[in-house]
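# Structure at a glance
Listed below, chain by chain, are the residues.
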Number of protein chains: 2
Amino acid sequence: MESTMYNQLLMSPLFTGLTTGELTEILAHIHLDFNTYERNDVIVLQDDRCDRLTYVLRGKVKAEMIDPRHRFVLTEVFDKPFLIEAYNMYGMKQAYEHTYVIVEKTNTVSMTKQEFHSILMNYRIPRINAMNLLCAQIHRMQKMMRECEAETVERKIVQFLRHNALSCKGEKELKMKMEDLADYIKETRLNVSMALRRWNEAGLVEQQRGVIVIKDLGMLEK
Amino acid sequence: MESTMYNQLLMSPLFTGLTTGELTEILAHIHLDFNTYERNDVIVLQDDRCDRLTYVLRGKVKAEMIDPRHRFVLTEVFDKPFLIEAYNMYGMKQAYEHTYVIVEKTNTVSMTKQEFHSILMNYRIPRINAMNLLCAQIHRMQKMMRECEAETVERKIVQFLRHNALSCKGEKELKMKMEDLADYIKETRLNVSMALRRWNEAGLVEQQRGVIVIKDLGMLEK
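About the cut-offs
- Residues numbered from 1 in each chain as written.
- Chains lettered and ligands numbered in written order.
- Predicted model: local features only at pLDDT ≥ 70, side-chain atom pairs only at ≥ 80, totals over all residues.
- Heavy atoms only, no water.
- Contact = heavy atoms within 4.5 Å.
- Buried area = accessible area lost by both parts, 1.4 Å probe.
- Salt bridge = Lys/Arg side-chain N within 4 Å of Asp/Glu carboxyl O.
- Helix = DSSP H or I, 4+ residues; strand = E, 2+ residues; numbered from the N terminus.
- Core = buried A, V, L, I, M, F, W, Y, C linked by side-chain atoms within 4.5 Å.
- Buried < 20%, exposed > 50% of the residue type's maximum accessible area, 1.4 Å probe, protein only.
- Least-squares fit on C-alpha atoms with pLDDT ≥ 70 in both.
- Phe/Tyr/Trp six-rings, centres within 6.5 Å; stacked < 30°, edge-to-face > 60°.
- Lys NZ or Arg CZ within 6 Å of the ring centre and 35° of its normal.
- Polar contact = N/O pair within 3.5 Å; in protein donor to acceptor, adjacent residues only side chain to side chain.
- Expected span 1.5 Å × (residues − 1).
- Arc of directions from axis to C-beta.

## A closer look at the interface of chain B and chain A
If you look at the interface, chain B gives 40 residues, while chain A gives 40 residues. Across the chain B to chain A interface the summed buried area is about 4,300 Å²; carbon plus sulfur atoms make up 63%. Among the residues of chain B in contact with chain A, M145, R146 and E149 of chain B are the three that bury the most area, contributing 19% of the side total. One can count two salt bridges joining chain B with chain A. Looking at the side of chain B that touches chain A, the elements with two or more residues in it are helix 3 (113-122), helix 4 (124-145) and helix 5 (153-164) of chain B. Per element, the largest residue contribution to the side of chain B that touches chain A is 14 residues, and it comes from helix 4 of chain B.

Structure follows, in structure tokens:
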């Protein structure tokens, strides 16, 4: 394995905190799949069974979610390393909630759920990392849920996006009829349209054929 | 150990799915603390370090949360077995978010975080149970976050309670000035007051010296 990839593994959420020696020892016992994907390749499909833990090492990937009730499609773009829906390997549904499509050449590393269990069983640091990961996500969601009700239409749109997105930062595309969005956040269509126009004038949002393109959700929150 | 307690352990979230033989084998290797508490005993205090996993086997316990920004105090009453904040053993803060006070004689079983790790390391079913528990909580929260904006003042109050409570059912007491609640959910004080009066007339809610008593949050959601 090339040494940059090795270092990226050492910084991955599951292996962070290990020494190189400890990681080498794990790699000798656990089978990891390294993959390279090209533009338009699909890593997983929404509703596929989630029985693998996949970590995007580098590249650019878009995650698309068709709302289960078909009210909207939300697409997010990731160009930094990230873990694909670890929390969907367990619980009631155990299915991916997004389709992941490659935007630019991407490297991933993945393991089966069984291999993940073997890591939890045998290695202390990855075990603590896994528990920390899941619990930190619970804490982030708790924090979001406990926020005050949004007052302005802008805040309501941002909250809608944050509550439905995988991450609160970066590029998002929302394919949704403006009247459906208005209905969802209990605002008038005119108010939603005016908010989008204000963002558009500030260079933060574009509208293209029924799709609202947010350049960086983090910037809208300011 | 008496046999009812043994059976309750077998049905607890961490041990469910084990045979009696497997549980006996775990109990031979892991030290569990069994405790009996009397009325007004305090199990843990809000902000105490969360370094134990405690399961309430039977009894009646109230969980009180002082909102970190001191806008309200929310109290919930539990009279069924429940696990105390397992998700707070990990992540950034690792502190309890509630104070647990005994209402009626209560039995608990608990273990240190270290013992919990030893279980994760050595036993397959509890390991899967622990992962399922945390992931199911993430799924529940996701579902709540993805709901449409509430339309009526009643729905907004219910949503406020659900988003801040440990459970969506049972008795809750909210100590909060009516104007603060109105401000939180972005409604007028008059609207909040009228909603509470309607619930009061329906026998669902009582107001006592600045405290809103909800007999069963599950009933308000209807």
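## Let's talk about the nonpolar core
Membership of the largest hydrophobic core comes to 90 residues, with the highest contact counts inside it found for F15 and F116 of chain A together with F15 and F116 of chain B. The contacts of F15 of chain B, once residues within four sequence positions are left out, are L9, L10, L23, I26, L32, M111, I119, P126 and N129 of chain B. Formed by 26 residues, the second largest nonpolar core is a distinct cluster that contains F72, L161, A182 and I214 of chain A.

## Remarks on the relation of the copies chain B and chain A
If you rotate chain B by 180° and push it 0.0 Å along the axis, it lands on chain A with an RMSD of 0.0 Å. The transformation just described matches what one would write down for a two-fold rotation axis. Considering only C-alpha atoms, the residue of chain B closest to the rotation axis is M121 of chain B, which sits at 2.1 Å. The residues that chain B uses at the interface reappear at the interface of chain A in 100% of cases, marking a shared surface.

## What about the packing of aromatic side chains?
The final tally for this structure, using the stated rule, is 12 aromatic pairs over all chains. Here F72 of chain B and F160 of chain B contribute two aromatic rings whose centre-to-centre distance is 5.1 Å and whose plane-to-plane angle is 80°, an arrangement assigned as edge-to-face. Separated by 88 residues along the polypeptide, F72 of chain B in the loop between strand 3 (52-66) and strand 4 (73-78) and F160 of chain B in helix 5 bring together distant segments of the chain. Looking at F160 of chain B, the relative accessible area reads 5%, which means it is buried. A network of ring pairs unites the aromatic residues F72, F160 and Y184 of chain A as a single cluster. Lying across the ring of Y90 of chain A, K113 of chain A places its NZ or CZ 4.5 Å from the centre.

## As for the environment of K215 of chain B
All names here are of chain B. Tracing the chain through its elements places K215 in the loop between strand 9 (211-214) and helix 8 (217-220). Counting along the chain gives 80 residues from K215 to C135, while the straight-line C-alpha distance between them is 29 Å. Those residues in contact with K215 that sit more than four places away from it in its chain are G170, E171, G203, L204 and E206. A distance of 3.3 Å separates the side chain of K215 from the backbone oxygen of G203, its partner in a polar contact. For K215, the side chain forms a polar contact with the side chain of E206, separated by 3.3 Å.

## Some thoughts on the pattern of salt bridges
Pairs can form between side chains of opposite charge whenever their charged atoms are close. Residues and elements named next belong to chain A. Tallied over the full model, the rule gives 20 salt bridges over all chains. A salt bridge links R52 to D33; the shortest N-O distance between them is 2.8 Å. With R52 in strand 3 (residues 52-66) and D33 in strand 1 (residues 33-37), the pair connects residues that are 19 residues apart, well separated along the chain. Accessibility expressed as a relative area gives 27% for D33, which makes it partly exposed. One salt bridge in this structure joins K156 and E187, with 3.1 Å as the shortest N-O distance. With K156 in helix 5 (residues 153-164) and E187 in the loop between helix 6 (178-184) and helix 7 (189-201), this pair connects stretches of sequence that are 31 residues apart. E187 matches K156 in its accessibility class, with the two residues each being buried.

## Thoughts on helix 7 (residues 189-201) of chain B
All names here are of chain B. In this model, helix 7 (13 residues) spans 18 Å end to end at C-alpha, consistent with the 18 Å of a helix rising 1.5 Å per residue. Where helix 7 is concerned, the buried positions are V192, S193, A195, L196 and W199. Angularly, the buried residues of helix 7 cover 160° about the axis, an arc narrow enough to put them on a single face. Away from its buried face by more than 90 degrees, helix 7 exposes L190 and E201.

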